[in-house]
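# Structure at a glance
As a plain string of letters, each chain reads:
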Amino acid sequence: MRDADEIGTPRGPARVDTDLPAGPATALLVLGHGAGGDVDAPDLSALRDVAVAAGLAVARVTQPYRVAGRRAPAPAGHLDEAWTAVLAELRRRHRAVPALVVGGRSSGARVACRTAIAVGADAVVALAFPLHPPGRPERSRAAELATGLPTLVVNGDRDPFGVPGASPSVRVVVRPGERHDLAGDPAGAAAVAVDWLRGRGWASP
């Protein structure tokens, strides 16, 4: 079942597209989009399809600045504030779902990481995590991944934003031939994510 509506936040309304599995959801997976993109990006769409088929409820969140028609991203604090408000409402709506996994692609992955503890997430799925601005490896964002929660990072080996390193709580899967959009084989990237979720009991076989 698919549903779309808006949720009010301190930064304006956010749009939420929710897809539910046929039976009781094993987990709620909430995904955010990239800075100038939307929730219909190939990797997010592929992950939605595979995750719903595996028994997860999937909510894709469009940030207020994109709902308002702007492409330039809002400041990080505004993104986090809006995301946190949306997550509070989604947790209320899906209170019977046993686990919360947050994530997204690029900027959306960063937002999910920065707020994961505050929203009570159980894990993080980060697609195309932008480790640093292109050509600026000294401006690392690796600290954002250090949530202590189980985290999966799926990046392409040709991503100009770099590839994070693994740690005890962060698994990094590098997709050969892929760039930042993960558009070469989005279904393959989605399968990696759902296999990881399945290993934690949040996705059906």
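See the structure above.
The notes below deal with the structure included here.

The rules behind the values
Residues numbered from 1 in each chain as written. Predicted model: local features only at pLDDT ≥ 70, side-chain atom pairs only at ≥ 80, totals over all residues. Heavy atoms only, no water. Axes fitted to C-alpha atoms, helices over the stretch in contact; angles between N-to-C directions. Helix = DSSP H or I, 4+ residues; strand = E, 2+ residues; numbered from the N terminus. Parallel < 35°, antiparallel > 145°, perpendicular 65-115°, else oblique. Left-handed = near helix turned anticlockwise from the far one by under 90°. Contact = heavy atoms within 4.5 Å. Nonpolar A, V, L, I, M, F, W, Y, C, P; charged D, E, K, R; others polar. Expected span 1.5 Å × (residues − 1). Buried < 20%, exposed > 50% of the residue type's maximum accessible area, 1.4 Å probe, protein only. 1 Å grid on protein atoms, 1.4 Å probe; cavity = no way out; pocket = protein on both sides within 12 Å on 5 of 7 lines; lining within 4 Å. Points joined across faces, edges and corners; volume = space filled by probe spheres on them. Pairing = 2+ DSSP bridges.

## Here's the deal with the packing of helix H3 (residues 76–93) against helix H4 (residues 107–115)
Orientation of H3 relative to H4, taken along the N-to-C sense of each, is 70°, at an axis distance of 10 Å. As judged from the angle between their axes, H3 and H4 are roughly perpendicular. In the packing of H3 onto H4, the handedness of the crossing is right-handed. From H3, Ala-76, Leu-79, Asp-80, Trp-83 and Thr-84 reach across to H4, where they touch Ser-107, Val-111, Ala-112, Arg-114 and Thr-115. Of the residues in the contact of H3 with H4, the class split is five nonpolar, three polar and two charged.

## Some points on helix H1 (residues 42–53)
Its twelve residues place the ends of H1 17 Å apart at the C-alpha level, agreeing with the 16 Å of an ideal helix rising 1.5 Å per residue. Buried within H1 we find Asp-43, Leu-44, Ser-45, Ala-46, Leu-47, Arg-48, Ala-51 and Val-52. Looking at the residues trailing H1, positive phi occurs at Gly-55, about 100°.

## Things to note about the layout of surface pockets
Put simply, the largest pocket is a space of about 170 Å³. Looking at the largest pocket, it is lined by 13 residues, and the ones nearest its centre are Ala-35, Pro-73, Ser-107, Arg-110 and Arg-141. Listing elements by their share of the lining of the largest pocket, those giving two or more residues are H3 and H4. Looking at the lining of the largest pocket, the element that brings in the most residues is H4, giving three residues. Class assignment for the residues of the lining of the largest pocket results in eight nonpolar, two polar and three charged.

## A short note on the sheet that holds strand S3 (residues 28–32)
If you walk across this open sheet you meet the eight strands as S1-S2-S4-S3-S5-S6-S7-S8, and the pairing is mixed. Here the strands that pair on one side only, and so sit at the sheet edges, are strand S1 (2–7) and strand S8 (170–175). Taken pair by pair, the neighbouring strands of this sheet meet at an average axis angle of 20°, ignoring direction. Two strands pair when backbone bridges link them, and strand S5 (residues 100–105) and strand S6 (residues 123–127) are joined in this way by five bridges, in the parallel orientation. From the neighbouring strand, Arg-105 faces S6, where its bridge partner is Leu-127. Its contacts with the sheet put helix H5 (residues 186–199) on S5, S6, strand S7 (151–156) and S8, and the angle it makes with S7 is roughly 165°.

## Overview of the side chain of Ser-45
Note that Ser-45 resides in helix H1. Given the relative accessible area of 15%, Ser-45 is considered buried. Once residues within four sequence positions are removed from consideration, Ser-45 is found in contact with Val-39, Asp-40 and Arg-60.

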